[in-house]
Amino acid sequence: MKIHNFSAGPAILPQVVLEEAAKAVENYENVGLSILEMSHRSKEIVAVMDEAQSLVKQLLNLGDDYSVLFLTGGASSQFFMVAMNLLNEGEKACYLDTGVWSTKAIKEVSNFGTVEVLASSKEDNFNYIPKDWTTPADAKYLHITSNNTIYGTQYQNFPTTESILVADMSSDIFSREFDASQFGLIYAGAQKNLGPAGTTLVIVRNDILGTVNRAIPTMLDYRTHIKKASAFNTPPVYPIYVCLLTLRWLQGQGGLKAVEAMNKKKAALLYDEIDRNPFFKGTAAVEDRSLMNVTFAADSPAHEAAFLAYCTANGVSGIKGHRSVGGFRASIYNAMPMESIEFLVNLMQNFKPE
Ligand code: PMP
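For clarity, every value in this text was computed on a predicted model and none was experimentally measured.

A. Representation of the sheet that holds strand β12 (residues 293-298) within the structure. Taken in spatial order, the three strands make up an open sheet running β11-β12-β14, and their pairing is antiparallel. Strands at the two margins of the open sheet, each flanked by one partner only, are β11 (280-282) and β14 (328-331). Each adjacent strand pair in this sheet contributes to an overall mean axis angle of 35°, direction not counted. Strand direction decides the pairing type here: β12 and β14, joined by four bridges, are antiparallel.

B. Highlighting the environment of Thr200. Structurally, Thr200 is set in strand β10 (residues 200-205). Residue classification places Thr200 among the buried residues on the basis of 25 C-beta atoms within 10 Å. For the pair formed by Thr200 and Gly321, sequence separation is 121 residues and the distance between their alpha carbons is 24 Å.

C. Quick peek at the site of the ligand. The immediate surroundings of the ligand are formed by Gly9, Gly74, Ala75, Ser76, Trp101, Thr145, Thr149, Asp168, Ser170, Ser171 and Gly189. At three residues, the largest contribution of residues to the shell around the ligand is made by helix α3 (residues 74-86). For the shell around the ligand, a count of residues per class yields two nonpolar, eight polar and one charged.

D. Looking closely at the UniProt feature "modified residue: N6-(pyridoxal phosphate)lysine" (unreviewed entry) in the protein chain. Taking the UniProt record as the reference, the feature "modified residue: N6-(pyridoxal phosphate)lysine" (unreviewed entry) is found at Lys192. Tracing the backbone shows Lys192 in the loop between β9 (185-189) and β10. Classification of Lys192 as buried rests on a count of 30 C-beta atoms within 10 Å.

E. Spatial organisation of the packing of helix α7 (residues 255-276) against helix α9 (residues 338-350). Taken N-terminus to C-terminus, the directions of α7 and α9 make an angle of 5°; their axes are 10 Å apart at the nearest point. Judged by the angle between their axes, α7 and α9 are roughly parallel. For the pair α7 and α9, the contacting residues are Lys266, Leu269, Leu270 and Glu273 in the first and Met338, Ile341, Glu342, Leu344, Val345, Met348 and Gln349 in the second. Class assignment for the residues of the contact of α7 with α9 results in seven nonpolar, one polar and three charged.

F. Geometry of the nonpolar core. Counting 99 residues, the largest nonpolar core has Leu201, Ile203 and Tyr241 as its most contacted members. Looking at this core element by element, the count peaks at 10 residues for helix α6 (residues 237-252).

G. Representation of the sheet that holds strand β3 (residues 92-97). Strand order in the open sheet formed by seven strands is β2-β10-β9-β8-β5-β3-β4, with mixed pairing between adjacent strands. Of all the strands in the sheet, just β2 (66-71) and β4 (114-120) have a single pairing partner and so form its edges. Here the average twist between neighbouring strands, direction ignored, is 15°. Across six bridges, β2 lies against β10 in antiparallel orientation.

H. Molecular detail of the pairing of β9. Summarising burial for β9: five of the five residues are buried, a large majority. Both faces of β9 are covered, namely the face carrying Leu185, Tyr187 and Gly189 and the face carrying Ile186 and Ala188. Direction of pairing for strand β8 (residues 164-168) relative to β9: parallel, over a ladder of three bridges. Bridge pairing links Asp168 to Tyr187 in β9. Where β9 and β10 come together, five bridges link them in antiparallel fashion. Its bridge partner being in β10, Gly189 is matched across the sheet by Thr200.

Scoring rules and cut-offs
- Residues numbered from 1 in each chain as written.
- Predicted model: local features only at pLDDT ≥ 70, side-chain atom pairs only at ≥ 80, totals over all residues.
- Pairing = 2+ DSSP bridges.
- Helix = DSSP H or I, 4+ residues; strand = E, 2+ residues; numbered from the N terminus.
- Axes fitted to C-alpha atoms, helices over the stretch in contact; angles between N-to-C directions.
- Buried ≥ 20, exposed ≤ 12 C-beta atoms within 10 Å, placed from the backbone.
- Near = placed C-beta within 6 Å.
- Nonpolar A, V, L, I, M, F, W, Y, C, P; charged D, E, K, R; others polar.
- UniProt positions renumbered as here; feature names shortened; annotations may be inferred.
- Parallel < 35°, antiparallel > 145°, perpendicular 65-115°, else oblique.
- Contact = placed C-beta atoms within 7 Å.
- Core = buried A, V, L, I, M, F, W, Y, C linked by C-beta atoms within 7 Å.

Okay, here's the thing in structure tokens:
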């Protein structure tokens, strides 16, 4: 039976990426070695690192004023690294609280400076993106979570601000076209739209660094990794290689514009069924609906259990909502083929509970 993988992350990757990645484990490009046993200083692996960085810049239209890093520690380490590298004691960072991940990011800031939460949708279980707020003039940076993996909400427009704009794009990086040059820093754990777990992409505008007085431990200083092209210490070569394969695949699809058009079609198919089918309803505010994580609920707990069992019996995997919200979440990242969404929609249409 074919399994349709709707997991939120680690998540589906393009089939061609998996095939290439498997080959590289056996024998990397006929070098006669597995990529898993090759030095990160070898010319082949240095080329992997270089190409991955340059493809990120190409896809996002960024120039030499930005650096692209592949770090470890997950997106969760960026929650504190951002504040540690950008915020002086006594300076203020502003955050929008749109879910568990932004809440975790907010928690780290007070170790380094002052944090102000400009708005939060917590009282409505984070089912929308707050819109009515302004950034104070003294904010050093403004942090947003562009896509809220658990709740299925996504910024449709990014805020304009005089401060440095920082985004956690873990669950929607490379899913749509946007002006990356409006951001001072973007970070994203790889394991949703880019590759396997084990590396975190960081894109940073060089001029925002070097403005804090504190001593930053070497490994936690972005400048260390910029100087050494993400190889100050041994980088997670294999996850980065798989990211490179995905980046090549993305380019082959026609880049972000083409991928966005496809993502919109895929999401529309599923949302249309959710809105039409009396057994289901969407849980995120319609105007903030995510193209990546489609959240919905059944009309009763009995129907929820029955539909989940029906999905499992038919090879639809990873569709159970996050434990903190329940219901369903269909994660439909870039690599999710239209056929799998059609398959799910078909199940929804054929669902005839007692
Ligand atoms: N931010 C967002 C938006 C996420 O969805 C996640 C993981 N699900 C994280 C941060 C945490 O990422 P990591 O596990 O790589 O630390």
